[in-house]
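# Results of the structural survey
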Amino acid sequence: MALNATKPVTHDALRDDPRIDFSFLISDVSRQMRKTFDQKMMLLGLTRAQWHTLVHVLRMEAPTQTELADVLDINRSSAGGLIDQLEKSGFIKRIADANDRRVWRITATKLAQKRAEDIAGYAETLADEMFSEIPKQNLEQARQVLLTLQANMNA
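Analysis parameters
Residues take numbers from 1 onward in each chain, read along the sequence in its written order. This being a predicted model, a pLDDT of at least 70 is required before a residue's local features are given, and a value of 80 or more before pairs of side-chain atoms are given or counted; all residues contribute to the totals for chains, interfaces and linings. As a convention, hydrogens and water are excluded, and side-chain values are obtained from all of the structure's heavy atoms. Here a strand is any run of E in DSSP of at least two residues, a helix any run of H or I of at least four, and the numbering for each starts at the N terminus. Think of it in three bands: with a 1.4 Å probe and only protein chains considered, a residue is buried below 20% of the maximum accessible area for its type, exposed above 50%, and partly exposed in between. In this description, contact between two residues means that some pair of their heavy atoms is separated by no more than 4.5 Å. Note on areas: these come from Shrake-Rupley sampling with a 1.4 Å probe, and a residue is covered only by the protein chains present in the view. Charge assignment in this entry is limited to Lys and Arg as positive and Asp and Glu as negative, and neither His nor the chain termini are counted. Here the site of a charge means NZ on Lys, CZ on Arg, CG on Asp, or CD on Glu. Residue count minus one, scaled by 1.5 Å, sets the expected span of a helix. This arc corresponds to the set of directions leading from the helix axis out to the C-beta atoms. The criterion for an aromatic pair is that two Phe, Tyr or Trp rings (for Trp, the six-membered ring) have centres within 6.5 Å, with stacked assigned to planes under 30 degrees apart, edge-to-face to planes over 60 apart and tilted to the rest. Here, the term nonpolar core denotes a set of buried Ala, Val, Leu, Ile, Met, Phe, Trp, Tyr and Cys residues that are joined through side-chain atoms within 4.5 Å. Between N-to-C directions, angles cover 0 to 180 degrees, with each direction set by a line fitted to C-alpha atoms, over the stretch in contact for helices. By definition, any crossing whose near helix is turned counterclockwise from its far helix by less than a right angle is left-handed, and any crossing with a clockwise turn is right-handed.

Let's shift gears to the overall build of the chain. A count of helical and extended segments in the chain gives seven helices and two strands. With the C-alpha coordinates aligned to their principal axes, the bounding extent of the chain is approximately 60 × 50 × 35 Å. The buried share of the chain, reckoned over its 155 residues, is 21%. In the chain, 46% of the contacts between residues at least 6 apart in sequence involve partners at least 24 apart. As displayed, the chain has an accessible area near 11,900 Å², and 55% of this comes from carbon and sulfur atoms. Taking the 21 positively charged and 21 negatively charged side chains of the chain as two groups, their mean positions are separated by 6 Å.

Have a look at this one:
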């Protein structure tokens, strides 16, 4: 049985709107950055979810599982799974909260601290490559545009 070819439905606003083009470009560049960085993190034995979690643990002061889930925009059980994986790999450890015995704090291990240097090095190299031909003034203008878009979306 042959499929009938249908002519795609198009709308000029979808084809010729620079706002839509810009939105797709933001998404494409972001995806390409993550993909490139993921390849480097695989050398450290970390998946995207793991390195993303680990970076937040390194940046935050001993977050709880709930705090980590919030910043990662995932549910507590998903955060728990990532914490389990990173703990098993020796990157993080759970320590009891000094004020609440029901709460566990997530801290980076010495291995994570050592790998933080590698992660920062990879990030710096990627940033150097990505932004090599862009003047700082243009970066600041782009940052302001993105901040405005973010504020508009949060309004």
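Looking now at helix H5 (residues 76-88). If you check H5, its first and last C-alpha atoms are 18 Å apart, about what 13 residues at 1.5 Å a residue would give, namely 18 Å. What H5 keeps buried is the set Ala79, Gly80, Leu82, Ile83 and Leu86. Projection of H5 onto a plane perpendicular to its axis shows the buried side chains occupying an angular sector of 165°, all on one side. In this structure, H5 carries Ser77 and Lys88 as exposed residues pointing more than 90 degrees from its buried face. Residues of H5 that are buried in the fold lie against helix H3 (48-59), helix H4 (65-72), strand E1 (92-96) and strand E2 (104-108).

Taken as a whole and judged by the stated rule, the model has one aromatic pair. With centroids separated by 4.7 Å and ring planes inclined at 75°, the aromatic side chains of phenylalanine 37 and tryptophan 51 adopt a geometry described as edge-to-face. Taken as a pair, phenylalanine 37 in helix H2 (residues 18-42) and tryptophan 51 in helix H3 lie far apart in primary sequence, 14 residues in all. You'll find phenylalanine 37 and tryptophan 51 in the same group, each marked buried.

This paragraph deals with the environment of valine 103. Take valine 103: it is sitting in the loop between E1 and E2. What makes valine 103 partly exposed here is its relative accessible area of 22%. Residues valine 103 and threonine 66, 37 residues apart in the sequence, show an inter-C-alpha distance of 9.6 Å. Not counting the four nearest positions on each side in its chain, valine 103 is found in contact with Thr64, Ile95, Ala96 and Asp97.

Attention shifts here to the environment of glycine 80. Note on placement: glycine 80 falls in helix H5. Taking relative accessible area as the criterion, glycine 80 reaches 9% and is therefore assigned buried. With 14 residues separating them along the chain, glycine 80 and threonine 66 place their C-alpha atoms 9.1 Å apart. Once residues lying within four places of it in the same chain are set aside, the contact partners of glycine 80 are Gln65 and Arg94.

Counting 18 residues, the largest nonpolar core has Met41, Leu46, Leu54, Phe91, Ile92 and Ile119 as its most contacted members. Breaking this core down by element, the ones donating at least two residues are H2, H3, H4, H5, E2 and helix H6 (110-130). Ignoring anything within four residues of it in the chain, the contact list for methionine 41 reads Leu46, Trp51, Ile119 and Tyr122.

Further remarks concern the packing of H2 against H6. As a packed pair, H2 and H6 sit with axes 10 Å apart at the nearest point and diverge in direction by 145°. H6 is crossed by H2, and the crossing has right-handed handedness. Mapping the contact onto sequence places Met33, Thr36, Phe37, Lys40 and Met41 in H2 and Ile119, Tyr122, Ala123, Leu126 and Met130 in H6.

Everything listed here is a matter of coordinates, which is why it stays silent on function.
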